[in-house]
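If you want the building blocks of each chain, they are given just below.
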Amino acid sequence: MKNITNSKLFSTLLFFLTVLVIAKLIWLIVSVEFLPKSGVEYSEKSKLKAFYYPLRLSNSKKNKPLKVVVAQTKPKVVKPKKVIGNMKDYKLLALYQSSELLVVTVSKGAKTKVLAQGELFNGFKLKSAGRDDALFEKDGKEYTLHLKNKKPKKAKKIASKKNTSKKVAKRVSASVKKKGIIATEDEATKIVSKGLLSSYTKDIDKVWKDIGIGEHKVNGVLTGFKVNFIKRHSDFEKLGLKRGDILTAINGQELDSYNAAFSFYKEMDSIENLTLSIKRNNQDMELEYEIQ
Amino acid sequence: MQMVKRIFGGFFLLIIFLWLVAPKQELYFLLEKELKKNDIVISNERFVDRWYGLEISDADIYVKGIKLAKASSLKLHIFFLYNSLIVENIETEVDPKSIDRISMIFNVIKPYKVAIKSSGSFGVIEGGVYFMDKKLLLRVKESKDMNAFKKFLSHDKKGDYYEKYYQQ
């Protein structure tokens, strides 16, 4: 009787299949034991805060570090409304605003109260808030209360009299444009020109010519960036930075990764205020700037 | 004799099958894991599993958390004795704005290094990662627009080069 199957071919095929199964088995064991099941994906950390609100809870300028309140998202811009009256004897001590929450601390004499939106204090109802002020309502009239210790924005602070304010503002603006950085009256907040920032974002080499920054790690974890050198009379020196300073946060965003620093660098053109949190001689400090 | 033939044939066949049925995607994940140790992350990529290797497209490349580049094509060829990763058409966030090609090759004939070659608007760079010396050495073979790199380069009689030692 003739064989319908070729036994040699069958045996060779079986041999091939056996080797294939062995190869598969080897990889199966290797995969299960040693190979990762999924790849590494980049997970973005929280970006630079769109809006940052530095808040002084103490009257003393020397009393640093400052407490900060950080808004997660850009708050609604409150259009200037016709202010009918003033809340004399009232002080706005603190203001926190995010997309979901608005909380202020108001005082009158020795009495202090924390108010949420819509709540009343001596008949004054908290309606809304801007960057530096809160809007109250009483008997159909609106009242604005400015944040205590917060310098009124830009040139407003410099000249209080109405007839001179515009001239002074223009002079400050021109001075900022010319010099790049100038200090305000009390030197607590410096005004930095947008053009100066742009010159650094357009030419990164200019940054490294004026300042040397290196990683600062604690127990192998990046906690900030250390200023290793600053060129004399450079813009960074005028900003108040010193050799040995450790930059720990910018506008509330902790500098715990290169990405955080790079994000700030990329968004530098669009910021309106700048707060550098630094550690100098083991003391936390904040340097505040307004961008014009 | 027949038995010896079978053993050698079987071994050869096993190597071929090991290569063919290798879990290339998982091996790529292993490469990603190793790169992560050096703060390099390849993300958002798409895979096509080929019998000879893996083709990856539209990969974002992050170094120390910063998105530095987007590569339109990565080809990973795993032949065990000769393995290569070829990255093409890279658009970067920093200068140089585009890199035409980067190839990284591990050849069993030269097991002490991973050879690297790159070309782009900056010229041509060649070198590699040397395991014994624990260093990355890249030499400039053809210099075009090197302004972005110039401050990182050193010079010797062979020309400009970049050298960095690493810890394992």
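Quick caveat: nothing in here was measured; it's all calculated off a predicted structure.

Conventions we followed
- Residues numbered from 1 in each chain as written.
- Chains lettered and ligands numbered in written order.
- Predicted model: local features only at pLDDT ≥ 70, side-chain atom pairs only at ≥ 80, totals over all residues.
- Helix = DSSP H or I, 4+ residues; strand = E, 2+ residues; numbered from the N terminus.
- Buried ≥ 20, exposed ≤ 12 C-beta atoms within 10 Å, placed from the backbone.
- Contact = placed C-beta atoms within 7 Å.
- Pairing = 2+ DSSP bridges.
- Axes fitted to C-alpha atoms, helices over the stretch in contact; angles between N-to-C directions.
- Nonpolar A, V, L, I, M, F, W, Y, C, P; charged D, E, K, R; others polar.
- Arc of directions from axis to C-beta.
- Core = buried A, V, L, I, M, F, W, Y, C linked by C-beta atoms within 7 Å.
- Parallel < 35°, antiparallel > 145°, perpendicular 65-115°, else oblique.
- Left-handed = near helix turned anticlockwise from the far one by under 90°.
- pLDDT = per-residue confidence, 0-100.

## Side note on the overall build of chain B
At step 1: Helix and strand content of chain B: 2 helices and 11 strands.
At step 2: Seen in sequence order, chain B has helices and strands lined up from the N terminus as α-α-β-β-β-β-β-β-β-β-β-β-β.
At step 3: Within the span of chain B, comprising 168 residues, buried residues form 17% of the whole.
At step 4: For chain B, the share of sequence-separated contacts (at least 6 apart) that also reach a separation of at least 24 residues comes to 25%.

## With respect to the environment of A:Tyr265
Residue and element names in this part refer to chain A.
At step 1: Among the structural elements, tyrosine 265 can be located in helix H6 (residues 258-267).
At step 2: With 16 C-beta atoms packed within 10 Å, tyrosine 265 lands in the partly exposed category.
At step 3: As a C-alpha pair, tyrosine 265 and tyrosine 200 span 65 residues in sequence and 9.1 Å in three-dimensional space.

## Section: the sheet that holds strand S4 (residues 90-97) of chain A
All names here are of chain A.
At step 1: Read from one edge to the other, the open sheet built from 3 strands follows the order S4-S5-S6, with strand pairing classed as antiparallel. Of all strands in the sheet, those with a lone pairing partner are S4 and strand S6 (111-116), marking the two edges. Direction aside, the axes of adjacent strands within the sheet are offset by 15° on average.
At step 2: Examined bridge by bridge, S4 and strand S5 (residues 102-108) share 7 bridges and lie antiparallel to one another. Across the sheet, alanine 94 pairs through a bridge with threonine 105, a residue of S5.

## Observations concerning the interface of chain A and chain B
At step 1: Each partner contributes residues to the interface: chain A has 20 residues there, and chain B has 22 residues.
At step 2: For the side of chain A that touches chain B, the elements supplying multiple residues, two or more each, are helix H1 (7-33) and H6 of chain A.
At step 3: At 9 residues, the largest contribution of residues to the side of chain A that touches chain B is made by H1(A).
At step 4: Considered class by class, the residues forming the side of chain A that touches chain B number 13 nonpolar, 5 polar and 2 charged.

## Details of the environment of A:Tyr90
At step 1: As for its position among the elements, A:Tyr90 is in strand S4.
At step 2: Note: C-alpha distance between A:Tyr90 and A:Val106 (16 residues apart in sequence) is 6.9 Å.

## Quick notes on the pairing of strand S4 (residues 66-78) of chain B
Residue and element names in this part refer to chain B.
At step 1: Where strand S3 (residues 53-63) lies against S4, 10 bridges are found, and the strand directions are antiparallel. Along S4, the bridge assignment pairs isoleucine 61 with alanine 69.
At step 2: In this structure, the hairpin formed by S3 and S4 is closed by a connection of 2 residues, where lysine 64 is found at a positive phi of approximately 50°.
At step 3: Bridge count between S4 and strand S5 (residues 82-92): 9 bridges; the pairing is antiparallel. In the strand pairing of S5, lysine 70 is matched with glutamate 91.
At step 4: In this antiparallel pair of consecutive strands, S4 and S5, the connection spans 3 residues, and phenylalanine 80 shows a positive phi of 65°.

## Observations concerning H6(A)
Given 3.6 residues per helical turn, the α-helix brings residues three or four places apart onto the same face.
Residue and element names in this part refer to chain A.
At step 1: The set of residues buried in H6 consists of Ala260, Ala261 and Ser263. Looking straight down H6, one finds that the buried residues subtend no more than 160° of arc, so they occupy a single side.
At step 2: Residues of H6 that are buried make contact with strand S14 (221-230) and strand S16 (253-254).

## A word on the nonpolar core
Residues and elements named next belong to chain B.
At step 1: By size, the foremost hydrophobic cluster in this structure holds 18 residues, and its most contacted members are Ala59, Ile61, Ala71, Leu74 and Leu76.
At step 2: Secondary structure elements with two or more residues in this core: helix H2 (24-37), strand S1 (40-43), S3, S4 and S5.
At step 3: A total of 5 residues in this core trace back to one element, the largest contributor, which is S3.
At step 4: Not counting residues up to four positions away in its chain, the partners in contact with leucine 76 are Lys24, Tyr28, Gly53, Leu54, Ile56 and Leu85.

## Re the packing of H1(A) against helix H1 (residues 2-20) of chain B
At step 1: Where H1(A) meets H1(B), the closest approach of the two axes is 9 Å, and the angle between their N-to-C directions is 50°. Our classification of the angle between H1(A) and H1(B) gives oblique. The hand of the H1(A)/H1(B) crossing is right-handed. Taken together, the residues of H1(B) that come into contact with H1(A) (itself represented by A:Phe16, A:Val19, A:Leu20, A:Ile22, A:Ala23 and A:Ile26) are B:Gly10, B:Leu13, B:Leu14, B:Phe17 and B:Leu18.

## Describing the confidence of the model for chain A
All names here are of chain A.
At step 1: Per-chain confidence: chain A averages 72 in pLDDT, with 68% of residues scoring 70 or above.
At step 2: When pLDDT is averaged over each helix and strand of chain A, the minimum, 39, is found for strand S2 (residues 68-71) and the maximum, 90, for H1.
At step 3: For residues 56-84, every residue scores under 50 in pLDDT, and the model assigns this stretch 52 contacts once sequence neighbours within four places are set aside.
At step 4: Contacts of residues 151-162 to residues separated by more than four positions or lying in other chains number 23 contacts, the stretch itself having pLDDT below 50.

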